[in-house]
There are 4 protein chains.
Amino acid sequence: MIIILRKDPELRQLENLKAWLTGQHLTIHESKGESHMILGLVGDTSAVDIDLLRALDIVEDVKRIQEPYKNANRKFHEEDTVIPVGNTQMGGDVFTMIAGPCSIESEEQICLIATAVKQAGATMLRGGAFKPRTSPYAFQGLRAHGLDLLLEAKKLSGLPVVTEIMDLSQLHLFADVDVIQVGARNMQNFELLKELGHTGKPILIKRGLANTLQELLMSAEYVMAGGNGNVVLCERGIRTFETAARNTLDLSAVPLLKKMSHLPVIIDPSHATGIAGLVKPMALAAAASGADGLMIEVHNDPSHALSDGAQSLTPEAFADVSAAVQAVLPFACRYNHGKVV
Amino acid sequence: MIIILRKDPELRQLENLKAWLTGQHLTIHESKGESHMILGLVGDTSAVDIDLLRALDIVEDVKRIQEPYKNANRKFHEEDTVIPVGNTQMGGDVFTMIAGPCSIESEEQICLIATAVKQAGATMLRGGAFKPRTSPYAFQGLRAHGLDLLLEAKKLSGLPVVTEIMDLSQLHLFADVDVIQVGARNMQNFELLKELGHTGKPILIKRGLANTLQELLMSAEYVMAGGNGNVVLCERGIRTFETAARNTLDLSAVPLLKKMSHLPVIIDPSHATGIAGLVKPMALAAAASGADGLMIEVHNDPSHALSDGAQSLTPEAFADVSAAVQAVLPFACRYNHGKVV
Amino acid sequence: MIIILRKDPELRQLENLKAWLTGQHLTIHESKGESHMILGLVGDTSAVDIDLLRALDIVEDVKRIQEPYKNANRKFHEEDTVIPVGNTQMGGDVFTMIAGPCSIESEEQICLIATAVKQAGATMLRGGAFKPRTSPYAFQGLRAHGLDLLLEAKKLSGLPVVTEIMDLSQLHLFADVDVIQVGARNMQNFELLKELGHTGKPILIKRGLANTLQELLMSAEYVMAGGNGNVVLCERGIRTFETAARNTLDLSAVPLLKKMSHLPVIIDPSHATGIAGLVKPMALAAAASGADGLMIEVHNDPSHALSDGAQSLTPEAFADVSAAVQAVLPFACRYNHGKVV
Amino acid sequence: MIIILRKDPELRQLENLKAWLTGQHLTIHESKGESHMILGLVGDTSAVDIDLLRALDIVEDVKRIQEPYKNANRKFHEEDTVIPVGNTQMGGDVFTMIAGPCSIESEEQICLIATAVKQAGATMLRGGAFKPRTSPYAFQGLRAHGLDLLLEAKKLSGLPVVTEIMDLSQLHLFADVDVIQVGARNMQNFELLKELGHTGKPILIKRGLANTLQELLMSAEYVMAGGNGNVVLCERGIRTFETAARNTLDLSAVPLLKKMSHLPVIIDPSHATGIAGLVKPMALAAAASGADGLMIEVHNDPSHALSDGAQSLTPEAFADVSAAVQAVLPFACRYNHGKVV
């Protein structure tokens with residue numbers, strides 16, 4: 001960490017600062033330029049509060065050199081993390097294809113979709129039981145009952161399941177869930193992350209709408225610091241000024257996260273775009289960029305008037321995307337220890 | 001709500017859509033232009049899922065005319081909401097001045113600050129016990145013990161207190177807290193909002209870093225739909241491309257929220273800027289724009305080496321800001337039923 | 001165009017508005033809901049100033065149904081535009097690979113790179129003569145002399161050349177340039193766009209850092225309205241809150257622009273990311289998404305100390321990217337009349 | 001400037017880098033930490049290309065310590081710049097109130113408004129002759145004839161005039177214009193800025209929609225480097241994810257620019273919000289924050305059907321805002337050498 005001081009810092013403040021830094025077990029290297037004095041800190045700076053330092057009168061700026069995440073950091077864990085999930089895995093040589101409906105609506109619906117997506121090449125099943133909805137008046141999901149139905153579909157299809165937790169108080173219901181998803185809106189729900197760090201279960205963390213990649217890794221770090229290294233990162237679109245799609249898919253997250261971290265990285269083109277017609281091109285792009293997997297919404301309920309033209313792909317459209325992705329994969333970008341090869 | 005259909009919609013899909021809309025107790029007005037057909041919906045559309053409609057093949061776009069929030073809506077509640085808090089109130093003719101430290105550190109610290117800010121004109125005391133920190137390695141607050149100390153300071157100073165809740169499981173500790181704060185990162189923690197709707201306590205909701213004003217009002221709506229109308233809205237900076245300050249204070253939130261809603265609106269210039277030198281000009285600007293109050297960080301701990309030059313204002317600097325705000329208030333923008341007068 | 005009026009509009013204002021609309025040769029369809037009155041406009045609304053309408057007291061909102069661009073609109077020109085450029089073309093069945101240095105530095109440099117990138121599969125040569133630099137103290141390009149050198153390299157290699165114009169006064173120098181580039185910072189330099197509309201030359205317009213896709217198409221419309229239909233669109237990263245890369249590549253621009261417009265769409269992964277290690281994965285992703293081409297910075301100047309590790313790819317690294325892109329292309333997303341197939 | 005090198009940099013590349021830096025007349029201070037090596041550069045680094053350095057393989061990051069602007073920098077010019085304009089001035093003790101129509105439409109219109117705003121307290125008259133419009137089909141302004149009418153209004157009212165230039169080729173028409181405005185879309189039209197640097201005229205530069213404050217100062221630097229120190233900075237809203245207003249007014253630009261630079265800073269609440277009802281609260285906020293002036297759109301054309309309810313303020317509404325601003329000014333935030341007092 002480098003601290004750039006203002007010109008002619010007040011001596012007493014400087015002494016206070018240096019005493020405080022030494023108290024944090026850091027060694028200080030001073031160097032004086034023409035217009036600024038610089039303190040270089042050597043030691044473990046991951047617990048140092050950079051905002052606090054920046055706020056000091058005598059400090060002009062602070063520059064982290066060591067990243068503030070350790071467990072999630074590629075520098076300290078060169079090999080890719082591979083996470084076993086039921087009969088499959090996330091990361092490594094397997095391309096993960098997660099598919100399923102936005103909301104679990106009925107046993108018939110989830111089982112029908114599970115069977116269909118398995119046949120089309122899905123390796124895992126997703127489905128929402130607890131639904132974060134912007135409006136209190138919108139359908140909030142089948143909740144505990146939805147989880148039961150999802151587990152029925154797991155039994156039927158043999159596919160491991162991924163589903164979202166919205167609050168700590170729901171955790172006891174997730175015993176048979178294979179991968180627990182933390183949604184974008186909860187990415188910085190730190191109490192939830194801490195508790196998930198004690199579960200040992202694979203945790204799929206979705207990037208928040210306005211969160212940097214470093215913040216995403218800090219959220220992974222919350223889980224990992226509790227002893228749970230089974231974290232998967234998911235880019236699902238960020239919020240920008242552009243309104244042509246629901247969000248802006250930030251696909252450069254794939255090579256950047258590969259370099260910064262050893263954790264698997266998957267892409268959710270359905271939420272990132274909110275438009276059915278964009279799922280296939282963005283799925284192909286994600287595969288070509290070297291992502292470890294995809295998470296795609298698939299819907300099919302012939303009894304439901306509205307499903308007819310819905311944005312989620314039908315199982316048939318998903319099968320088309322899945323086959324196209326398989327065709328691109330042999331030519332996708334490859335990484336070795338996080339570097340493009 | 002207006003649904004703009006694509007040119008020559010498939011007849012069966014159109015019939016399905018109309019049947020579904022009628023099933024939602026909506027009346028449909030059709031009108032046909034040269035290139036598009038339009039469905040105007042009359043009735044209560046607040047539970048209609050606009051994203052679901054947009055996702056239909058035959059739909060080009062959907063435009064809400066009625067806002068999706070009812071309880072928080074100025075249109076259905078013309079008078080300003082005034083919330084009694086201890087010996088003071090939020091909203092109405094009283095300008096709320098909330099002051100206090102970022103984190104509660106000790107009984108001495110919080111009591112000393114409480115006394116000082118009261119004398120300088122604060123009407124309420126703030127202080128963090130549960131601290132949302134980006135890093136798991138950073139100080140997480142004194143938690144339950146911090147709340148105890150805050151309540152000591154309340155008793156000593158007579159000031160009502162505001163403090164942040166981070167998880168539902170902490171709620172039982174907040175019985176004697178006057179105003180419960182929902183932080184920016186939890187603005188869309190819907191399970192938490194729902195539960196706070198059953199408390200009857202004043203809830204101060206901070207706008208999320210990437211949340212629109214409409215989303216802020218939808219979060220207020222979650223609390224209000226549960227029966228708790230005591231909601232205060234707080235703008236504390238949004239995330240943009242500009243990095244000169246920590247966030248970008250969106251002061252137009254004041255007149256916009258006044259028009260959209262009847263709830264009190266306060267501004268937090270400390271978090272919005274992250275720079276001590278910006279607190280005074282932004283506090284004066286907020287007061288002049290007609291905000292209902294301010295929330296300002298004040299820190300003072302002579303035994304702590306780092307506090308010396310810290311970004312939080314000292315009690316003396318806060319007294320200066322407080323006096324300057326009082327001088328501006330008589331000339332501030334005024335609103336009548338949400339309209340500038 | 002739909003105009004949503006406020007409840008109980010003042011009669012005189014309403015009459016004024018209707019008279020004004022009729023004066024614009026528009027037919028008005030009125031429909032009255034419970035809380036709002038709606039005016040549907042039929043006719044050519046492309047010249048109607050939507051901001052002016054929105055600003056009227058009696059207007060709540062205005063919703064365009066027809067896009068404000070005509071010449072660039074896929075709806076009025078179903079077939080993909082194909083633009084002949086020297087011995088090649090942009091759009092259609094040819095994948096365009098533009099490569100070359102950021103700045104033209106010397107005859108030796110540009111000729112050496114031209115030869116190398118041609119051998120590696122480039123179909124066009126790029127090189128900056130007039131350089132938009134944030135700082136007045138930075139190298140501003142070789143200007144007219146740079147253009148001469150670029151044309152030398154064109155003669156030598158046989159590759160058509162693309163280079164940026166910064167001001168109208170430079171236009172007379174571009175007679176032998178094959179494609180004139182309008183940079184991101186000039187995307188809304190409307191005087192320049194108007195004049196380029198009279199040249200008949202292929203114009204490559206880069207999307208501005210904070211411009212929507214619709215605005216990009218409006219800038220294309222400026223050129224096309226002048227009679228020049230040879231416009232190529234280029235996504236080169238937008239400005240967001242994320243700072244891990246220089247900009248955020250918005251790859252969903254490919255399917256969106258394909259649907260909105262018939263113009264060729266290319267991607268510039270070098271400027272979009274600013275990081276050499278991201279060029280290959282993003283180039284592969286762009287190819288897989290169905291883009292019509294790429295624009296990649298390639299640099300090689302052994303006599304120049306700094307070029308050794310520079311971010312621009314070396315000719316060898318470019319050859320690797322080019323081969324990898326060729327391998328992905330047969331499996332890339334395909335479009336028919338702008339729709340994914 | 002500080003260069004942070006990657007761990008174990010390749011020796012040859014390091015030597016090349018050091019040779020290049022020395023060739024730029026910079027002195028290098030090396031310091032080696034546990035995980036990184038750091039080069040501190042002493043000397044004039046304003047011409048060093050930070051992106052070029054960042055792009056080197058062996059460089060992890062580069063941190064500027066000296067700002068890249070010199071002429072606009074408060075550090076090298078402690079006193080506020082005051083710019084004489086006709087019978088008034090910009091900056092210093094005078095609060096500038098610029099008012100006038102968006103577009104000049106007729107002699108009657110501009111003269112009527114000029115007289116009215118002067119009476120209401122305006123110190124300068126604005127009016128657009130060359131209009132940057134997103135659509136080529138929208139009214140592009142009266143152009144040269146518009147300038148003539150503006151100069152008529154100047155003669156009549158005695159108010160100095162501000163109007164926008166869109167292209168270098170128009171410059172000869174601006175001889176009698178008092179202040180030349182560079183619009184947000186042209187903020188980085190560097191060829192235009194360079195030329196304006198040779199005019200000696202006051203130049204009002206509007207911040208681009210997605211430009212940082214530092215970039216705004218770099219654009220000022222372009223003008224100043226040419227020898228013209230008469231630059232005024234104008235914040236007029238930035239583009240963010242929020243769509244409730246047209247743009248997001250970034251009022252923290254006032255104290256930040258005051259600290260970074262000695263140039264006058266004014267606020268345009270009309271363009272920043274695009275909503276008439278927001279002009280008064282934002283004008284009061286801007287005045288309270290210590291801005292040097294305001295630029296407000298005023299419109300009045302009784303013969304024009306649409307002007308009746310338009311967003312621009314009427315002269316009467318402007319008089320109300322102007323009086324309210326005058327009342328706030330004595331209590332506004334004050335600065336001494338850029339620091340809040």
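Since the model is a prediction, treat every value here as computed from it, not as a measurement.

Asks: Go over the state of the cysteines, please, and point to the residues and values.
Replies: Applying the stated rule across the entire model yields 0 disulfides over all chains. In this model C333 of chain C remains outside any disulfide bridge; the closest cysteine sulfur is found in C234 of chain C, 19 Å from its own. With relative accessibility at 5%, the residue C333 of chain C sits in the buried group. The thiol of C111 of chain D is not disulfide-bonded; the next cysteine sulfur, from C102 of chain D, is found 18 Å away.

Asks: Explain the side chain of N247 of chain D to me, using residue names and the numbers behind them.
Replies: Residue and element names in this part refer to chain D. Tracing the sequence through the fold places N247 in the loop between β12 (231-235) and α7 (253-260). At 3.5 Å, the side chain of N247 and the side chain of R236 are in polar contact. Among all residues touching N247, those that are not within four sequence positions of it are L209, R236, G237, I238, R239, H271 and A272.

Asks: I'd love a proper account of helix α3 (residues 107-119) of chain D, names of residues and values included.
Replies: Here α3 of chain D is 13 residues long and its end C-alpha atoms lie 18 Å apart, about the 18 Å a rise of 1.5 Å per residue gives. Regarding α3 of chain D, the residues found buried are Q109, I110, C111, I113, A114 and V117 of chain D.

Asks: Please provide a residue-by-residue account of the interface of chain B and chain C, values included.
Replies: Listed by partner, the interface residues are 22 residues for chain B and 22 residues for chain C. Of all residues in chain B, the largest losses of buried area upon contact with chain C belong to K63, I65 and F241 of chain B, amounting jointly to 27% of the total for that side. Linking chain B with chain C are 4 salt bridges. Between D61 of chain C and K63 of chain B there is a salt bridge, with the nearest N and O atoms lying 2.7 Å from each other. For the interface between chain B and chain C, the tally reads 2 residue pairs in polar contact (both at pLDDT 80 or more). Residue assignment for the side of chain B that touches chain C shows that the elements contributing at least two residues are β1 (2-5), β2 (27-32), β3 (37-42) and β4 (59-63) of chain B. For the side of chain B that touches chain C, the element with the most residues is β4 of chain B, which contributes 3 residues. For the side of chain B that touches chain C, a count of residues per class yields 6 nonpolar, 6 polar and 10 charged.

Asks: Before we move on, could you go through the pattern of salt bridges and cite the residues and values that matter?
Replies: If you walk through the whole model with that rule in mind, you get 74 salt bridges over all chains. The salt bridge involving K75 of chain A is made with E60 of chain D; its shortest N-O contact spans 3.6 Å. Placement of K75 of chain A in the loop between β4 (59-63) and β5 (83-85) and of E60 of chain D in strand β4 (residues 59-63) is noted, with the two residues assigned to different chains. Ionic pairing is found between K206 of chain A and D268 of chain A, a salt bridge with its closest N-O pair at 2.6 Å. Of this pair, K206 of chain A sits in strand β11 (residues 203-206) while D268 of chain A is found in the loop between β13 (265-267) and α8 (269-273), placing the two residues 62 residues apart along the sequence. Per residue, the accessibility class of K206 of chain A equals that of D268 of chain A, and both read buried. Linked by salt bridges that have partners in common, R6 and E60 of chain A together with E67 and K75 of chain D make up one network.

Asks: Tell me about the relation of the copies chain B and chain C, and name the residues and values.
Replies: Between chain B and chain C, which share one sequence, the superposing operator has a rotation angle of 180° and an axial displacement of 0.0 Å; the RMSD is 0.1 Å. Taken together, the rotation and translation relating the two chain copies correspond to the operation of a two-fold axis. Residue F241 of chain B of chain B places its C-alpha closer to the rotation axis than any other residue of that unit, at 2.3 Å. Most of the interface of chain B is mirrored in chain C, where 100% of its interface residues are also at the interface.

Asks: I'd like to hear about the interface of chain D and chain C, residue by residue, with values.
Replies: Taken together, the 52 residues of chain D in the interface contact 52 residues of chain C. When the two sides are added together, the surface that chain D and chain C hide from each other amounts to roughly 4800 Å², 53% of it contributed by carbon and sulfur. The salt bridge involving R143 of chain C is made with E191 of chain D; its shortest N-O contact spans 2.8 Å. Inspection of the chain D/chain C interface yields 20 residue pairs in polar contact (both at pLDDT 80 or more). If you list the elements that add at least two residues to the side of chain D that touches chain C, you get α1 (11-23), α2 (50-54), α5 (190-196) and α6 (213-225) of chain D.

Asks: Kindly report on the relation of the copies chain D and chain C, identifying the contributing residues and their values.
Replies: The two copies are related by a screw motion: chain D maps onto chain C through a turn of 180° and a shift of 0.0 Å along the axis, at an RMSD of 0.0 Å. Both copies share a contact surface, since 100% of the interface residues of chain D are interface residues in chain C too.

Asks: Pulling in residues and values, what's your account of the packing of aromatic side chains?
Replies: Applying the stated criterion to the full structure yields 10 aromatic pairs over all chains. Across from the ring centre of Y137 of chain A, 4.6 Å away, lies the NZ or CZ of K70 of chain B, which sits over that ring.

Asks: Before we move on, could you go through the sheet that holds β1 of chain B and cite the residues and values that matter?
Replies: Residues and elements named next belong to chain B. In spatial order, the strands read β2-β3-β1-β4; together these 4 strands make up an open sheet with antiparallel pairing. In the strand order of this sheet, the two ends are held by β2 and β4, each with one partner. The sheet shows a mean angle of 20° between the axes of neighbouring strands, direction not considered. Of the pairings in the sheet, the one linking β1 to β3 comprises 4 bridges and is antiparallel in character. Note that in β3 the partner of L5 across the bridge is M37. Here helix α1 (residues 11-23) sits on the sheet in contact with β1, β2, β3 and β4, set at roughly 10° to β3.

Cut-offs and rules
Residue numbers restart at each chain and count upward from 1, following the sequence in its written direction. All chains are assigned letters beginning at A, and all ligands numbers beginning at 1, according to the order in which they are written. The model is predicted, so local features are restricted to residues of pLDDT at least 70 and side-chain atom pairs to those at 80 or more, both for listing and for counting; the totals for chains, interfaces and linings are taken over all residues. The side-chain figures draw on all heavy atoms in the structure; neither hydrogens nor water molecules are used. Note on terminology: pairs of cysteine sulfur atoms within 2.5 Å are recorded as disulfides. Accessibility here uses a 1.4 Å probe with only protein chains present; expressed as a share of the type maximum, an area under 20% marks a residue as buried, one over 50% as exposed, and anything in between as partly exposed. Counting from the N terminus, the helices are DSSP H or I runs at least four residues long and the strands are E runs at least two residues long. Under the rule applied, a polar contact is a pair of N or O atoms within 3.5 Å (in protein, one hydrogen donor and one hydrogen acceptor; residues adjacent in sequence only if both atoms are side-chain atoms). Working rule for contacts: check all heavy atoms of both residues, and any pair within 4.5 Å makes them a contact. What a helix is expected to span follows from its residue count: subtract one and scale by 1.5 Å. Reported buried area values correspond to the accessible surface (1.4 Å probe) lost by two parts on association, with both partners' losses combined. Salt bridge, as used here: a side-chain nitrogen of Lys or Arg that lies within 4 Å of a carboxyl oxygen of Asp or Glu. Each residue receives one of three labels: charged for Asp, Glu, Lys and Arg, nonpolar for Ala, Val, Leu, Ile, Met, Phe, Trp, Tyr, Cys and Pro, and polar for the others, Gly being one of them. Residues reaching a pLDDT of at least 70 in both copies supply the C-alpha atoms on which the copies are superposed by least squares. Note on aromatic contacts: the rings of Phe and Tyr and the six-membered ring of Trp form a pair at centre separations within 6.5 Å, being stacked when their planes are under 30 degrees apart, edge-to-face when over 60 apart, and tilted otherwise. Should the NZ of a Lys or the CZ of an Arg lie within 6 Å of a ring centre and within 35 degrees of the ring normal, that charge is described as sitting over the ring. Following DSSP output, two strands are said to pair if at least two bridges run between them. Between N-to-C directions, angles cover 0 to 180 degrees, with each direction set by a line fitted to C-alpha atoms, over the stretch in contact for helices.

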